[in-house]
Amino acid sequence: MVIFKKVIDIQSFISDLKARGEVISFIPTMGALHKGHIFLVENARKAGGITVASIFVNPTQFNDKEDFKHYPISVEADIDMLTEAGCDILFLPDVSEVYPNGTENMPTHNFGYLETILEGAHRPGHFKGVGQVVARLLDIVKPDRLYMGQKDYQQCMVIKDLLRQTNSTTQMVVSPTVREDDGLAMSSRNRRLNELQREVAGVIYQCLVSIVAKKGSDFAVVKKECEDILKAKGFDPEYIELADADTLQLNNSYTNGRQVALIAAKLGSIRLIDNMLIE
Ligand code: PAF
């Protein structure tokens, strides 16, 4: 795997590859890699061409300074995992490479409704920061395909909207969530859970399974059951919602269309999110 830290170097390397007709797949990450990220690399590799990953803990998407401060960092282990997974190129920039004119002077995008609900409502400014960094990374890497995980369902919708707004030709590929044996969605933040928190963390998954299984019943009742279960296990639930899977319009009840159930809950200071499609 070739590692680049400078924009100018990765740009010239990729532009040579593109001139030779190579197709570029890109997996943006904030490091602290887990099997979910590696699954994205594997999917990208299966599609052929060159696989590029980035590791950059983007300061502009953290609405909570403490979360940023405690975000896990494990670059050496990440490099080993990516190498083993057969990733071809790693972009490992520092803040001055990504934001050469400072974070304040980078253009932002407006994602309208998507910024006002769920993660957008609970993490003000988060999607502005995500849009900002992904736009910049796409501009640097210029990938043909962009791989993202369904675990961040709303983020995927924001990035789809970014691609639409920028008339991008990059095709987005969303890969299913990779889970631990008890159903807990793989996440970099999981490594901050202590033993007791880890023991109960799979309850979010169980709640999603029950929301899916109870399709057709009164969602208000199901939601209250989940809230009670989560609270009993020590979670502080932020939201338990049903939404239209294509527009993310929130629904008070089950519908006949494709929906997605979404949960965000805190265990101590660690915030976990997960979702499940109802088809
Ligand atoms: O999902 C993430 O890890 C980040 O939000 C992303 C897409 C790499 C942007 O910083």
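For the structure, see preceding data.
*Asks:* Would you take a moment to explain the overall build of the protein chain for this structure?
*Replies:* Scanning the protein chain for helices and strands turns up 11 helices and 10 strands. Along the longest, intermediate and shortest principal axes, the C-alpha atoms of the protein chain span 55 × 40 × 40 Å. Classification of the 279 residues of the protein chain by burial places 52% in the buried group. In the protein chain, once contacts between residues fewer than 6 apart in sequence are set aside, the share between residues at least 24 apart is 73%. As presented, the protein chain carries roughly 12,900 Å² of accessible surface, and 50% of it is formed by carbon and sulfur atoms. One way to put it: in the protein chain the 31 positive side-chain charges average out to a point 1 Å from where the 37 negative ones average out.

*Asks:* How do you make sense of the site of the ligand when you look at a structure like this?
*Replies:* For the ligand, the full set of nearby residues is Pro-28, Thr-29, Met-30, Gln-61, Val-133, Met-148 and Gln-155. Measuring from an oxygen atom of the ligand, one finds a side-chain N or O atom of Gln-61 at 2.6 Å. Between Gln-155 and the ligand, the recorded distance is 2.7 Å, taken from a side-chain N or O atom to an oxygen atom. Class assignment for the residues of the shell around the ligand results in four nonpolar, three polar and no charged.

*Asks:* Help me out: how do you make sense of the sheet that holds strand β5 (residues 145-149) in this one?
*Replies:* Think of a sheet as strands paired side by side through backbone hydrogen bonds, with each pair either parallel or antiparallel. Here six strands make up an open sheet; going across it, the order is β1-β4-β3-β2-β5-β6 and the pairing parallel. The sheet terminates laterally at β1 (2-4) and β6 (171-175), the two strands that pair on one side only. Neighbour-to-neighbour, the strand axes of the sheet open up by a mean angle of 25°, direction not taken into account. Where strand β2 (residues 24-29) and strand β3 (residues 50-55) come together, six bridges link them in parallel fashion. Bridge pairing links Pro-28 to Ser-54 in β3. The sheet strands contacting helix α1 (residues 7-19) are β1, β2, β3 and β4 (89-91), and the helix crosses β4 at an angle near 150°. Its contacts with the sheet place helix α2 (residues 35-46) against β2, β3, β5 and β6, and it is angled at close to 150° to β5.

*Asks:* Just to check I follow, could you spell out the sheet that holds strand β9 (residues 259-267) for this structure?
*Replies:* Spatial ordering of the open sheet is given by β8-β7-β9-β10, a layout of four strands whose pairing is antiparallel. Since the sheet does not close on itself, it has two edges, and those belong to β8 (250-251) and β10 (270-278), each with one partner. Where strand β7 (residues 235-244) lies against β8, two bridges are found, and the strand directions are antiparallel. Residue pairing for β8: Ala-243 is matched across the bridge by Leu-250. Strand contacts of helix α10 (residues 203-213): β7, β9 and β10, with the helix running at about 25° to β10, the strand carrying the most contacts. Each of β7, β8 and β9 is contacted by helix α11 (residues 219-232), which is oriented at about 155° to β7, the strand it contacts most.

The rules behind the values
- Residues numbered from 1 in each chain as written.
- Predicted model: local features only at pLDDT ≥ 70, side-chain atom pairs only at ≥ 80, totals over all residues.
- Heavy atoms only, no water.
- Helix = DSSP H or I, 4+ residues; strand = E, 2+ residues; numbered from the N terminus.
- Buried < 20%, exposed > 50% of the residue type's maximum accessible area, 1.4 Å probe, protein only.
- Contact = heavy atoms within 4.5 Å.
- Areas by Shrake-Rupley, 256 points an atom, 1.4 Å probe, with all protein chains shown as cover.
- Lys, Arg positive; Asp, Glu negative; His and termini not counted.
- Charge placed at Lys NZ, Arg CZ, Asp CG, Glu CD.
- Near = heavy atom within 4 Å.
- Polar contact = N/O pair within 3.5 Å; in protein donor to acceptor, adjacent residues only side chain to side chain.
- Nonpolar A, V, L, I, M, F, W, Y, C, P; charged D, E, K, R; others polar.
- Pairing = 2+ DSSP bridges.
- Axes fitted to C-alpha atoms, helices over the stretch in contact; angles between N-to-C directions.

By themselves, these figures tell us nothing about what the structure is for.
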